[in-house]
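# Observations on the model geometry
So the chains spell out like this:
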Amino acid sequence: MSIDLSQFFQVFFDETEEHLLALETLLLGVDRRAPVGEDLNAIFRAVHSIKGGSATFGFNDMTEVTHVLENLLDRVRKSEIILTEEMINAFLEAGDVLRMQLAFHRGQGSVDPEAVQGIQAKLTALASTVGSAPNFKVAPSIENSSVSVFSGEIRQKVPESVAQDDPGYGFFEPIGEAQSEPDPGYGFFVDLVPSAVTLPVSHPVSVGSGRGLVDLAEPDSPERIFRGRRATDQLGTDSSIRVNVEKVDQLINLAGELVITQAMLAQASEHLEGVRYEHLQKALRQLERNSRDLQEAILSVRMLPISVVFNRFPRLVRDLTTRLGKQVELKILGENTELDKELIEKISDPLTHLIRNSIDHGIEMPEQRHALQKPFLGTVTLNAYHRGGAVVIEVSDDGGGLPRDKILAKAREQGLLCHDAMTDAEVWNLVFEPGFSTADRVTEISGRGVGMDVVKRNIHQMGGRIEIDSTVGLGTRTTIRLPLTLAILDGLLVAVGEQVYVLPLISILESVQLTSENLRTISGDGRLLQVRGEYVPLIVLGEKFPVPGDRSLFPESPPIAVIVDAEGRKVAVCVDALLGQQQVVIKSLETHFRKLVGVSGATILGDGRVALIVDPAPLAHESRFSHTGVA
């Protein structure tokens, strides 16, 4: 009986990604001078699982690389050769090659044959090293136990040299042979070891060798436990399933529709009073609670710990510090903070650029730090936490800080609007201008001025904000504020004539009433709002989005200016009234209509009306240059 294995490709791809991440994390945390036997077993099991899966599905290029890698790891864990820094580098390089091959099989990118041949030759040469390692006990492992998945016979064409050494590939039992141990898990693949990838950070510990130091975390338990089985096999209480993201999105959309329907029912029943409708009112209140709970429960399915992103950076820090000749310690805090999966995927690139900047531009060379009476070891801290319904991510370093005079000089060279009386915050925001860089020379790491503007644009596309705080000689801290999810928005409902708009709550700083004393007019139709001695550009929303109704600037009740943060600059948005705060379900206009400047989406109110969600950034950009001419 022939079985089409292509239906299981996605499972293999996902689990191989997890094994590669576990492999990298374990390699960065291992102490090569006194390696723990269980750590080496866990590394070996991760590689063995990749090898078994790739062989089963016929991805022979991956099987060949993992086979050579497995040979070297086997000699190390058996104390036949000493674990060296060169070996760890080779293991990490092999992981990169496997990722490249995996991406190719997923239809993403191509494979560099020279890189594959090079790492195979390097691993083979290292495996032939003669020497002995220090005595340390290696716990018996279960990497050679296999899992029988199908009763039918499956045959794949595999490299002959590999097949001789491992006829079962660690994935299926050789046909006709009994299993060496029971398999209570009945798993499809040997599961990822519960390594530091999913363990909470509590006590930072600097590990590593050479110049690049990486700060990983030990769990609260005094002993880390790595197994080759599923967590359910060990505990018997937890289980999980893989669900397509599209199905989760469909549930979120349906839950949002339910919330909207509930709001419509609540508004339609507002006029019903008295004892006669008491039971109906009680049932509607219960429906409201249940709808909100259901919505939050479904949204939590998409939430992932930010450690999924943070765990990629120890390798980045290690490689950069080695290349630059610096000594840097990476501290990771709050990695259990949860964020929407879509935001998790988008935040990786901005954080990568910020960490590279901290190491390249921020942290000084060891001799410079010594002259400044600083520790030789520089520190980059990555921290995440919840605050005010948003997720805050901080990237900070104890380097030299941003050079204010140098930034201003560069800004003048590029013709940017700047002056010596600018506040520090305004000067730091200049680094987000396209093409701006303070680097004296262009390197492969930085200097082209194409990074920070992209970081800022990506953060704002996610509905977030980014701020920089720096002190010369003490370091720099970059703070990113993001919404918890892109499906739900905490907003402020505002009225402009007969129309209702939503302003993102995460962008709002304060609101003030407009009077003739705090309003200034310049350049004809340009308007500025004076707030505590500061002049803020004013945008009249009724002029940007013409709607029916009275939109005169000074009606009987004075209009209100809502001051928002738009790409690092304050902007006042003039509205007729504030209707209250509300959590709304975001609907995309681009899917059903088209993209509108100054509008990031729409929502449906309880009375069935559509309310546009205002994006102040493009409106502020237009107002600042075409009306006020001030920055």
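Since we're looking at a predicted model, the values are computed, not measured.

On to the packing of helix α1 (residues 9–29) against helix α2 (residues 37–56), then. Two numbers describe how α1 lies on α2: the axes approach to 9 Å, and their chain directions differ by 155 degrees. Considered as vectors, α1 and α2 are oriented roughly antiparallel to each other. As for how α1 packs across α2, the hand of that crossing is left-handed. In this structure, α1 uses F12, T16, H19, L20, L23, L26 and L27 to contact α2, whose residues at the interface are A42, I43, A46, V47, S49, I50, G53 and S54. Split by residue class, the contact of α1 with α2 holds 10 nonpolar, 5 polar and no charged.

For the rest of this paragraph, the subject is the sheet that holds strand β14 (residues 526–531). Strands sit in the order β12-β16-β17-β15-β14-β13 across an open sheet of 6 strands; the sheet is mixed. Taken across any chain shown, the strands that pair with only one partner, and hence form the sheet edges, are β12 (508–513) and β13 (519–522). Taking the axes of each pair of neighbouring strands and ignoring which way they run, one obtains an average angle of 35 degrees across the sheet. One ladder, built from 3 bridges, connects strand β15 (residues 534–540) with strand β17 (residues 569–575); its direction is parallel. By the bridge assignment for β17, I539 is matched with V573.

Here the focus is the packing of aromatic side chains. Going through the model one piece at a time under the given rule, you end up with 9 aromatic pairs. Judged by centre distance (5.5 Å) and plane angle (80 degrees), the ring pair of F9 and F57 falls under edge-to-face. Here F57 lies in the loop between α2 and α3 (60–77) and F9 lies in helix α1, a separation of 48 residues in the sequence. In this structure F57 comes out as buried when scored by relative accessible area, which is 6%.

With that out of the way, let us pick up the environment of D360. Within the secondary structure layout, D360 lies in helix α12 (residues 341–362). Along the chain, D360 and L324 lie 36 residues apart, while their C-alpha atoms are 7.6 Å from each other.

What follows covers the pattern of salt bridges. Taken as a whole and judged by the stated rule, the model has 31 salt bridges. In this structure, the salt-bridge partner of E24 is R315, at a minimum N-O distance of 3.2 Å. In this pair, E24 sits in helix α1 while R315 sits in helix α11 (residues 313–324), placing the two residues 291 residues apart along the sequence. Among the residues examined, R315 registers a relative accessible area of 10% and is labelled buried. The residue E364 makes a salt bridge to R369 at a minimum N-O spacing of 2.9 Å. By the burial criterion, E364 is buried, and R369 matches it.

The subject of this paragraph is the sheet that holds strand β18 (residues 577–585). Across the sheet, 5 strands lie side by side as β18-β10-β11-β20-β19; this open sheet has mixed pairing. Since the sheet does not close on itself, it has two edges, and those belong to β18 and β19 (599–604), each with one partner. Across this sheet, the average inter-strand angle for adjacent strands is 35 degrees, counted without regard to direction.

With that settled, consider the confidence of the model for the protein. Residues of the protein with pLDDT of at least 70 account for 75%, and the chain-wide mean is 75. Within the model, pLDDT remains below 50 along residues 132–237, and this stretch shows 229 contacts once partners closer than five positions in the same chain are excluded. Every residue in residues 624–631 is under pLDDT 50, and counting partners more than four places away or in other chains gives 17 contacts.

Quick look at the side chain of D340 now. Mapped onto the secondary structure, D340 falls in strand β5 (residues 338–340). At a separation of 2.8 Å, a polar atom in the side chain of D340 contacts the main-chain amide nitrogen of E342. If we ignore the near neighbours within four places in the chain, the residues touching D340 are R302, M303, L484, T485 and L486.

Here helix α9 (residues 278–301) is 24 residues long and its end C-alpha atoms lie 35 Å apart, about the 34 Å a rise of 1.5 Å per residue gives. Every buried residue of α9 is accounted for by Q281, L284, S291, Q295, I298 and L299.

Reading guide: rules and limits
- Residues numbered from 1 in each chain as written.
- Predicted model: local features only at pLDDT ≥ 70, side-chain atom pairs only at ≥ 80, totals over all residues.
- Heavy atoms only, no water.
- Axes fitted to C-alpha atoms, helices over the stretch in contact; angles between N-to-C directions.
- Helix = DSSP H or I, 4+ residues; strand = E, 2+ residues; numbered from the N terminus.
- Parallel < 35°, antiparallel > 145°, perpendicular 65-115°, else oblique.
- Left-handed = near helix turned anticlockwise from the far one by under 90°.
- Contact = heavy atoms within 4.5 Å.
- Nonpolar A, V, L, I, M, F, W, Y, C, P; charged D, E, K, R; others polar.
- Pairing = 2+ DSSP bridges.
- Phe/Tyr/Trp six-rings, centres within 6.5 Å; stacked < 30°, edge-to-face > 60°.
- Buried < 20%, exposed > 50% of the residue type's maximum accessible area, 1.4 Å probe, protein only.
- Salt bridge = Lys/Arg side-chain N within 4 Å of Asp/Glu carboxyl O.
- pLDDT = per-residue confidence, 0-100.
- Polar contact = N/O pair within 3.5 Å; in protein donor to acceptor, adjacent residues only side chain to side chain.
- Expected span 1.5 Å × (residues − 1).

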